[in-house]
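Structural overview for review
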Amino acid sequence: MKSIPQFNYEKDTNSLISSFVRLIGLAQLSKKANFRRHSLIDLVSVIVWMIKARFARKSLLRFDKPAAFTSRTGRNVLNDGRINWQKLICLAAVKLISSLKPVIDHRRRLTLIVDDTLMSRTCFTKTELLARVYDHNKKQYLTGYRGLTVCWSDGNTFLPVNFALMSSKKPKNMIGKGPTILD
């Protein structure tokens, strides 16, 4: 009778995340995404902590507290308006695609997939930029947003490249108030 080998999921997750961070060069990408260090904590350690929390299926408040900073620091980094998160995700996707291309069979067709899914929000009327959006499937207007997503695929691999949460620009379709832009 054979014994079943036990895996240390925390150790395996840490090694996977650290190899991912090295593969895409997250430290260099964070500089390109306009992250400027205002404290002793670097963006890479905060993002690695957030990825670990996501893989552990816990929120930032319930996940183990890091030694170098607090969970509030993680939330502050996420809410920092100076960091261009879309650019960071797009640059990380480019690095991943360039590392995947040599191992993909040359007969496969590489494609970009564009999706504009309707995200319906019926109960929230005071949400910022909430609008009446036309649903082409139901042939009626619903309250919500359009989630525009651009993804790369080779038939097996599906990799998000960019995203945007879109609302209506027509004033008659706007339900929620517009964004407050501060100088």
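Structural notes, computed from the coordinates. Quick caveat: nothing in here was measured; it's all calculated off a predicted structure.

Some words on the overall build of the protein
- When helices and strands are counted, the protein shows 5 helices and 4 strands.
- Listing every helix and strand of the protein by position from the N terminus yields α-α-α-α-α-β-β-β-β.
- With 183 residues in all, the protein has 29% of them scored as buried.
- At a minimum sequence separation of 6, the contacts of the protein that also span at least 24 residues come to 60%.
- Here the protein has roughly 13,800 Å² of accessible surface; of this, 57% comes from carbon and sulfur atoms.

Considerations on the packing of aromatic side chains
- Counting across every chain of the model gives 3 aromatic pairs.
- Between tryptophan 49 and phenylalanine 63 the ring centres are 6.3 Å apart and the planes differ by 50°, which places this aromatic pair in the tilted class. Taken together, the residues tryptophan 49 in helix H3 (residues 43–55) and phenylalanine 63 in the loop between H3 and helix H4 (71–78) connect sequence positions 14 residues apart.
- Given the relative accessible area of 5%, tryptophan 49 is considered buried.
- Each ring, one from tryptophan 49 and one from phenylalanine 69, has its centre 5.7 Å from the other, and the planes form 90°; the classification is edge-to-face. Within this pair, whereas tryptophan 49 is found in helix H3, its partner phenylalanine 69 is found in the loop between H3 and H4, the two being separated by 20 residues in sequence. Of the two residues examined, tryptophan 49 and phenylalanine 69, each falls in the buried class.
- Ring pairs connect the aromatic residues Trp49, Phe63 and Phe69, which therefore count as one cluster.
- The ring of tyrosine 141 is capped by arginine 132, whose NZ or CZ atom sits 4.6 Å from the centre of that ring.

Digging into the pairing of strand E3 (residues 140–153)
- The pairing of strand E1 (residues 111–120) with E3 spans 10 bridges and is classified as antiparallel. Note on E3: the bridge partner recorded for leucine 112 is tryptophan 152.
- When strand E2 (residues 131–135) meets E3, the two strands line up antiparallel, connected through 5 bridges. Bridging from a neighbouring strand, valine 133 pairs with leucine 142 of E3.

A few points about the pattern of salt bridges
- Tallied over the full model, the rule gives 2 salt bridges.
- Put simply, arginine 82 and aspartate 80 hold a salt bridge, and the shortest N to O gap is 3.1 Å.
- Judged by its relative accessible area of 47%, arginine 82 is partly exposed.
- In this structure, arginine 107 and aspartate 105 form a salt bridge, with 2.8 Å as the shortest nitrogen-oxygen distance.

Observations regarding the side chain of arginine 146
- Looking at where arginine 146 falls in the secondary structure, it is placed in strand E3.
- Arginine 146 has contacts with Asp116, Thr117, Leu118, Met119, Val133, Tyr134, Asp135, His136, Ala164, Leu165 and Met166, leaving out every residue within four places of it along the chain.

Remarks on the environment of leucine 129
- Looking at where leucine 129 falls in the secondary structure, it is placed in the loop between E1 and E2.
- The partly exposed category is assigned to leucine 129, whose relative accessible area is 30%.
- Along the sequence, leucine 129 and serine 168 sit 39 residues apart, while their C-alpha atoms lie 8.0 Å from each other.

Brief notes about H3
- Between the first and last C-alpha of H3 there are 18 Å, a value that for 13 residues agrees with the 18 Å anticipated at 1.5 Å per step.
- For H3, the complete set of buried residues consists of Leu43, Val44, Val46, Ile47, Val48, Trp49, Met50 and Ala53.

Conventions adopted
- Residues numbered from 1 in each chain as written.
- Predicted model: local features only at pLDDT ≥ 70, side-chain atom pairs only at ≥ 80, totals over all residues.
- Heavy atoms only, no water.
- Helix = DSSP H or I, 4+ residues; strand = E, 2+ residues; numbered from the N terminus.
- Buried < 20%, exposed > 50% of the residue type's maximum accessible area, 1.4 Å probe, protein only.
- Contact = heavy atoms within 4.5 Å.
- Areas by Shrake-Rupley, 256 points an atom, 1.4 Å probe, with all protein chains shown as cover.
- Phe/Tyr/Trp six-rings, centres within 6.5 Å; stacked < 30°, edge-to-face > 60°.
- Lys NZ or Arg CZ within 6 Å of the ring centre and 35° of its normal.
- Pairing = 2+ DSSP bridges.
- Salt bridge = Lys/Arg side-chain N within 4 Å of Asp/Glu carboxyl O.
- Expected span 1.5 Å × (residues − 1).

Geometric values such as these leave the question of function open.
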